[in-house]
Amino acid sequence: MKIAVCVVVAPSTDTKVKIGADGKTIDMSDVKLELNAYDEFAIEEALRLKESTGDGEVVLFSVGSPATIKEEIRKGLARGADRAVILDTDTTQLDSSAVAALLTGEIKAFEPEIIFMGKQSVDYDSAQVPSQVAAAMGWPVVTKVSSLAIEGGAFRAEREIEGGVEVVEGTLPAVISAEKGLNEPRYPSLKGIMAAKKKPMEEKAAEAPAPVLVIDCLELPPPRPEGKIVGEGPEAAAKVVELLRNEAKVI
Amino acid sequence: MEPYQGVDYMDLDTLLTEEERMIRDTTREWVSARVIPIIEEHYRAGTFPDELIPEMAEMGLLGANLDGYGCAGLGAVAYGLIMQELERGDSGLRSFVSVQGALCMWPIHTYGSEEQKQKWLPGMANGTKIGCFGLTEPDFGSNPTGMITRAEDKGDHYLLNGAKMWITNGCISDVAIVWAKLDGRVMGFLVEKGTPGFSTRRQGHKMSLRASVTSELILQDVKIPKENLLPGTESIHMKGPLSCLTQARYGIAWGAIGAGMACYDEALSYGKERIQFGRPIAQFQLFQRKLAEMITEITKGFLLNLQVGRLKEQGKAHPSHVSMAKRNGCYWGLWIAREARDMLGANGITDEYVVMRHMCNLESVKTYEGTHDIHTLIIGHRVTGLPAFEG
Ligand SMILES: Cc1cc2nc3c(=O)[nH]c(=O)nc-3n(C[C@H](O)[C@H](O)[C@H](O)COP(=O)(O)OP(=O)(O)OC[C@H]3O[C@@H](n4cnc5c(N)ncnc54)[C@H](O)[C@@H]3O)c2cc1C
């Protein structure tokens, strides 16, 4: 089975975000980059699918500048993906639609039966790319999948929704976006890491379409006001209740 | 809390290959996710976390620097970085991997017959077979050449008699590499678990390396088949066991610095948060001096280990180079742990923090595989040409 996985290299989840001097972009100078956390579930699911079908190819697709993302993409190869394609483009102006258009253009030529991705990338959190790629492919999409079974061209996906689980069934081809907990991603083995060096990583110059959304400005949330201590022990309870009712207006 | 990011004061990462960094990072993440959450409990109970063995094997951490037989075939530096990260978790875990890989798999790989390699190495690499290394005896520690354990050639078998002490992994081993004298020459024998006359006893009440199994090996008229002699050790006498120690000591050098990194990291974050006299204690000059000395020694220790590793990769490392790295790593690792323990005040003596566990562990690490003083003498011998320990 041919399996495509779209991955993005994003700031590590414990980054303290700083806004750039232009007020519109994130200052990337001290930011540590990582394979997007949700994409790890997507890669793992793709590898398991390949392993269960016994043959096939898992190909990673990513949009970005090879110099900054190559090392992280290689970690996906170390886990077991067969090869990677990096669409080399200037990412400063990219919006979700441009990313989706670039990915779709490249993935079409690969003719996969299924496309996996993370439910969102942990930078701008738009969660648009899975649906937009699916739309461009003319395929169904199931987003935020927390459990997936595939058999003979049919799939059964579970998504966690408010107060319950939604079960979605369909047939391939399809786009699946991964929620945390879809699986437990493996650690790359030392042999996998050594083999990754020899796996193909193609870099292709790509022209991104003009964005349809432009970021006007970015602002950090205001710092949280300092807490106040109203007293100690049981005597303080009445005062806390009063403040919750009248000041915070939450009860 | 932020995940542990390692300690790198001056872009030392640029001295590593992409592959080496990836191997280091993978081990680091695994240690953070799988070791750190459970290690304190094992330490308290005095148990080895054997539930981690299959995972380490799966990743390829056992005998990682050996070629073939299911091993990953890593270079010396990548291997060293694994040891550094494992010991950032706990010295007991690193000890297990050192004994399995450097003290058991390495001699079988280097001195074993093809049959011995086929029989043991794949199982040891995949973690289903565990090994131990029996050199030290109750009366012979720093001076193993004096060992009492004997092997006799009985024609169709060897007969082994003696006792070994302080043997890491002893009770949990499927095979022990026992060093014994045959006609006055030291040789290595593979003694399998369950062989009549061979028994092990757990040594209890350790206040150090508690998450590691330490045992006595007792050999009473143990008959072992002729094919269990490691043929390559037949005519090299003490060079047999000492060459194994050189392998393991190299990993210890990295590991001890890794433990130091864990202590530095904890002392630094504690110091930034703990307020006394109205400011973070990390703002006081005396506190900063300690941090400055710690990070300097970590940086120097790393560079020393790295250079020994690169020499090893070129086949140019001398055992006395390894002695310098082992001695230095353990000395400063322990020094850093002690300082860090102090910097955490009363909290530093509890097991909610890692510093005291590392501090206690490093007392063993400084002692085993050649004490600090013995390595001093090895370096002294190298520079003067005059051996201090031979009369
Ligand atoms: C937790 C743990 C695990 C171990 N695991 C193993 C294992 O798996 N396999 C194994 O074979 N052994 C193992 N050992 C044993 C270890 O290698 C020995 O303890 C070590 O070599 C020191 O020997 P000793 O304890 O007999 O001390 P001694 O040799 O009695 O030394 C005592 C002191 O005298 C000093 N000293 C000795 N000779 C000289 C000299 N010539 N000049 C100056 N000072 C000297 C030493 O430096 C030391 O300070 C382990 C030990 C520990 C604590």
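Rules used throughout
Here the residue numbers are simple positions, counted from 1 along each chain's written sequence. Each chain gets a letter, beginning with A, and each ligand a number, beginning with 1, in the order they are written. Local features in this predicted model are restricted to residues of pLDDT 70 or higher, and side-chain atom pairs are both shown and tallied only at a pLDDT of 80 or more, whereas totals for entire chains, interfaces and linings draw on every residue. Runs of H or I in DSSP of at least four residues are treated as helices and runs of E of at least two as strands, each being numbered from the N terminus. Three exposure classes are used, based on other C-beta atoms lying within 10 Å of a residue's own C-beta, which is placed from the backbone: buried for 20 or more, exposed for 12 or fewer, and partly exposed in between. Residue pairs are scored as contacts if the distance between their C-beta atoms, which are placed from the backbone, is within 7 Å. Marked domain ranges trace back to an automatic or database domain assignment. For this scheme, ten residues count as nonpolar: Ala, Val, Leu, Ile, Met, Phe, Trp, Tyr, Cys and Pro. Four count as charged, namely Asp, Glu, Lys and Arg, and the remainder, Gly too, count as polar. A residue counts as near a molecule or strand when its C-beta atom, positioned from the backbone, falls within 6 Å of it. Any nonpolar core is a set of buried residues, restricted to Ala, Val, Leu, Ile, Met, Phe, Trp, Tyr and Cys, that join up through C-beta atoms within 7 Å. One fewer than the residue count of a helix, multiplied by 1.5 Å, yields its expected span. Each pair of strands is called paired provided DSSP finds at least two bridges between the two strands. Only the stretch in contact is used when a helix axis is fitted, and all axes are lines through C-alpha atoms; the angle between N-to-C directions ranges over 0 to 180 degrees. Take the seven residues that end at a residue and the seven that start at it, fit an axis to each, and the angle between those axes is the bend at that residue.

Trainee: Can you lay out the overall build of chain A for me, pointing to particular residues and giving the numbers?
Mentor: The helix and strand inventory of chain A stands at six helices and 11 strands. Considering only C-alpha atoms, chain A reaches an extent of 70 × 45 × 40 Å along its principal axes. When burial is assessed residue by residue, chain A has 35% of its 251 residues classed as buried. Long-range contacts, defined as pairs at least 24 residues apart, comprise 73% of the intrachain contacts of chain A with a sequence gap of at least 6.

Trainee: Go over the domain arrangement of chain B with me, naming the residues and quoting the values.
Mentor: All names here are of chain B. For chain B, the domain assignment lists domain 1 (12-125), domain 2 (131-233) and domain 3 (239-384). Computed over C-alpha atoms only, the centres of domain 1 and domain 3 are separated by 19 Å. Looking at the side of domain 1 that touches domain 3, the element that brings in the most residues is helix α3 (residues 76-89), giving 11 residues. Grouping the amino acids of the side of domain 1 that touches domain 3 by side-chain chemistry returns 14 nonpolar, six polar and seven charged.

Trainee: An account of the site of the ligand is requested, with residue identities and associated values reported.
Mentor: All names here are of chain B. Taken together, 21 residues are adjacent to the ligand, and Leu135, Thr136, Gly141, Ser142 and Thr371 come closest. For the shell around the ligand, the secondary structure elements donating two or more residues are β1 (131-134), β3 (157-168), α9 (355-367) and α10 (372-384). Residue-level mapping places the shell around the ligand at the junction of two domains, with at least three residues from each of domain 2 (131-233) and domain 3 (239-384).

Trainee: Please give an account of the nonpolar core that cites residues and values.
Mentor: In this structure, Val5 of chain A together with Phe189 of chain B are the most contacted members of the largest nonpolar core, which totals 172 residues. Tallying contributions element by element places helix α6 (residues 239-273) of chain B first for this core, with 16 residues. Excluding anything up to four places from it in sequence, Phe189 of chain B contacts Ala151, Tyr158, Leu160, Val178, Ala180, Ile224, Asn228 and Leu229 of chain B.

Trainee: For the environment of Ile148 of chain B, give the residues involved together with the corresponding values.
Mentor: Residues and elements named next belong to chain B. Within the secondary structure layout, Ile148 lies in the loop between β1 and β2 (150-153). Linking Ile148 and Lys290, residues 142 residues apart in sequence, is a C-alpha distance of 46 Å. Leave out the neighbours within four places in its chain, and Ile148 touches Glu137, Asp139 and Gly162.

Trainee: I'd love a proper account of α10 of chain B, names of residues and values included.
Mentor: Spanning 13 residues, α10 of chain B covers 18 Å between terminal C-alpha atoms, matching the ideal 18 Å at 1.5 Å per step. Following α10 of chain B by one or two positions, Gly385 of chain B adopts a phi angle in the positive range, close to 80 degrees.

Trainee: Can you tell me about the sheet that holds strand β10 (residues 174-178) of chain A, naming the residues and giving the values?
Mentor: Residue and element names in this part refer to chain A. Strands sit in the order β9-β8-β7-β10-β6-β1-β4-β5-β11 across an open sheet of nine strands; the sheet is mixed. The sheet is open, and its two borders are formed by β9 (164-171) and β11 (201-205), each paired with just one other strand. The average angle at which neighbouring strand axes cross in this sheet is 30 degrees, direction not considered. The sheet contacts of helix α1 (residues 37-53) involve β1 (2-6), β4 (57-64), β6 (114-118), β7 (141-151) and β10, and relative to β6 the element is tilted by about 150 degrees. This element, helix α3 (residues 96-110), spans β1, β4, β5 (83-88) and β6 of the sheet and lies at about 150 degrees to β4.

Trainee: Any details on unusual backbone geometry? Residues and values, ideally.
Mentor: Residue and element names in this part refer to chain A. Going from Leu172 to Pro173, the amide bond is cis rather than trans, its omega being 5 degrees. Relative to the helices and strands, Pro173 resides in the loop between β9 and β10. Phi is positive for Lys144, which is not a glycine, with a value near 50 degrees. Looking at where Lys144 falls in the secondary structure, it is placed in strand β7.

Trainee: With reference to specific residues and values, describe the packing of α3 of chain B against helix α7 (residues 285-313) of chain B.
Mentor: Residues and elements named next belong to chain B. Between α3 and α7, the shortest axis-to-axis distance is 8 Å and the interhelical angle comes to 140 degrees. On α7, the residues that touch Ala76, Val77 and Gly80 of α3 are Asn305, Leu306, Gly309, Arg310, Lys312 and Glu313. A per-class count over the contact of α3 with α7 returns three nonpolar, three polar and three charged.

Trainee: Let's hear about helix α1 (residues 18-45) of chain B: which residues, and what values?
Mentor: Residue and element names in this part refer to chain B. With 28 residues, α1 extends 39 Å between its outermost C-alpha atoms, agreeing within 8% with the 40 Å of an ideal straight helix rising 1.5 Å per residue. Its maximal kink placed at Val35, α1 deviates by approximately 50 degrees, while the proline Pro37 follows within four residues. Residue Gly46 follows α1 closely and has a positive phi angle near 70 degrees.

Trainee: Can you lay out the interface of chain B and chain A for me, pointing to particular residues and giving the numbers?
Mentor: Taken together, the contact pairs 14 residues of chain B with 12 residues of chain A. A breakdown of the residues in the side of chain B that touches chain A according to their chemical character gives eight nonpolar, two polar and four charged.

Trainee: Before we move on, can you summarise the pairing of β3 of chain B with the specific residues and values?
Mentor: All names here are of chain B. Relative to β3, β2 runs antiparallel, the two sharing four bridges. Across the sheet, the residue bridging to Ala151 is Leu160, located in β3. Count of turn residues in the β2/β3 antiparallel hairpin: three residues, of which Gly155 carries a positive phi of about 85 degrees. By the bridge criterion, nine bridges tie β3 to strand β7 (residues 214-225) in an arrangement that is antiparallel. When the bridges of β7 are listed, His157 appears paired with Pro225.

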